[in-house]
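# A closer look at the structure
Listed here are the chains, written in short residue letters.
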Amino acid sequence: MTCLRSIVLALMCVLVSLTAAAQTPPAQTPPPDQPAQSDPDARVDALQPDFNLAALPTTLRMPVHKLSFRVTHRFTRSLGQGDFGDLASDFFGFDSGAQIGLELRYGLMPGTQVGVYRTSDRTIQLFGQHSFWNERDGKPFGLDSIVTFEGGNNLQEDHQSTLGALVSRKVAGHAALYVEPMFVINSNQFDVAGTDNNTFMLGLGGRLRVRPSLYLVGEITPRLAGFDPGAHQMSFGIEGRAGGHLFQLNFSNGFGTTLGQIADGAFNYDSWYIGFNISRKFF
């Protein structure tokens, strides 16, 4: 019931935000006593409304000295477990346990953002991301680098690091596509003899804007070389934006939300789990 109450509360917050956004007409010009927004990073990017897809990062830039907060929630009951009656009795998975994550992101300097993310299995991920190219500046595509360091038991064991590049391209004013090669160091936490210790994976994803504030998202992260257990993690979902809030309902075949967890792969291609993300920009 705790998980059910949490999602009901989250939905109520989103509905209140959507109602407020609908009742407040957009300002065409700032009031005379307020300066125009001079930092382009603080303006709404209609095709990149968030710093993540479902789990993979995007190339959205963070304004200097601003904050963003994100909650991830993955219910642990497979939607294919049992028959429809069993699924309905568990309120379509909402009555099950969940893996929850909390993230705080900060704009350190122009083009550079840092953050910390912790999941309820006591994994902590520290990350830094820097933007080299941005389509807003006339470049043919967006290009970021990302570096992470994570570990289990509150960063005390099972340490992993990820080095990656994020490449984005906006298409026809309606979609943003992503190609993200990443190298995960020490992805093999079990030290199985005769297996690789690292993983090279390729994040592929996109976000399609179907209405001014409504989007469809999808991603897959195949492992191309190295440690490659289980199935590749895939996610798809629908999301809505209201001001600085964004709510996403998603479906995944795994629980991975850190880059190290994604490198561990998903369970299989037959078990799918419902989840959601909520993010809030403080700018």
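Look above for the structure.
All values reported here derive from a predicted model rather than from experimental measurement. (Residues numbered from 1 in each chain as written. Predicted model: local features only at pLDDT ≥ 70, side-chain atom pairs only at ≥ 80, totals over all residues. Heavy atoms only, no water.)

Within the protein chain, the regular secondary structure consists of 4 helices and 13 strands. Looking at the protein chain as a whole, 45% of its 283 residues qualify as buried. Taking the intrachain contacts of the protein chain between residues at least 6 apart in sequence as the baseline, contacts between residues at least 24 apart amount to 55%. Carbon and sulfur atoms provide 64% of the accessible area of the protein chain, an area that totals close to 13,600 Å². (Helix = DSSP H or I, 4+ residues; strand = E, 2+ residues; numbered from the N terminus. Buried < 20%, exposed > 50% of the residue type's maximum accessible area, 1.4 Å probe, protein only. Contact = heavy atoms within 4.5 Å. Areas by Shrake-Rupley, 256 points an atom, 1.4 Å probe, with all protein chains shown as cover.)

Checked against the element boundaries, V179 lands in strand β7 (residues 175-185). Sequence separation between V179 and T58 is 121 residues, and the spatial gap between their C-alpha atoms is 9.7 Å. For V179, the residues in contact, after removing those within four places along its chain, are A165, L166, V167, L202, G203 and L204.

Take the packing of aromatic side chains next. Evaluated as defined, the whole model comprises 8 aromatic pairs. For the ring pair F255 and Y273, a centre distance of 4.8 Å and an interplane angle of 70 degrees mean the geometry is edge-to-face. Here the residue F255 occupies a position in the loop between β12 (245-252) and α4 (259-263), and Y273 occupies one in strand β13 (residues 273-282), the gap between them amounting to 18 residues. Taken individually, F255 and Y273 each receive the classification buried, so the pair is uniform in this respect. Clustering of aromatic rings is evident, with ring pairs tying together F75, F247 and F276. (Phe/Tyr/Trp six-rings, centres within 6.5 Å; stacked < 30°, edge-to-face > 60°.)

This part takes up unusual backbone geometry. Residues other than glycine seldom take positive phi values, yet H65 does so here, at roughly 65 degrees. One non-glycine residue with positive phi stands out, namely N154, at about 60 degrees. With respect to the helices and strands, the residue N154 is situated in helix α3 (residues 152-155). By relative accessible area, N154 is classed as partly exposed at 29%.

All right, on to the pattern of salt bridges then. Counted under the stated rule, the structure contains 9 salt bridges. For E239, the salt bridge identified is with R207, shortest N-O distance 2.4 Å. Of this pair, E239 sits in strand β11 (residues 233-242) while R207 sits in strand β8 (residues 199-211), placing them 32 residues apart in sequence. Overall, R207 belongs to the buried group, its relative accessible area being 1%. For R223, the salt bridge goes to D228, with nearest N and O atoms at 3.0 Å. Connected through salt bridges with shared partners, the residues D41, R61, R136 and D137 form a single ionic network. (Salt bridge = Lys/Arg side-chain N within 4 Å of Asp/Glu carboxyl O.)

Moving on, we come to the pairing of β12. Looking down a regular strand, the side chains alternate between one sheet face and the other. Where β11 lies against β12, 8 bridges are found, and the strand directions are antiparallel. Counted as the bridge partner of I238 is L249 from β12. Two successive antiparallel strands, β11 and β12, enclose a turn made up of 2 residues, where G243 displays a positive phi of approximately 65 degrees. Across 8 bridges, β12 lies against β13 in antiparallel orientation. Looking across to β13, one finds that L246 is bridged to S279. (Pairing = 2+ DSSP bridges.)

A cluster of nonpolar residues, L67, F69, I100, L102, L104, V116, L126, F149 and F282, forms a patch on the protein surface that exposes about 700 Å² of accessible area. Those elements that provide at least two residues to the nonpolar patch are β1 (67-75) and β2 (98-109). Examined against the element boundaries, I100 turns out to sit in strand β2. In this structure I100 comes out as partly exposed when scored by relative accessible area, which is 31%. (Patch = residues over 30% accessible without salt bridge, like charges linked within 9 Å, V, L, I, M, F, W, Y side chains within 5 Å.)

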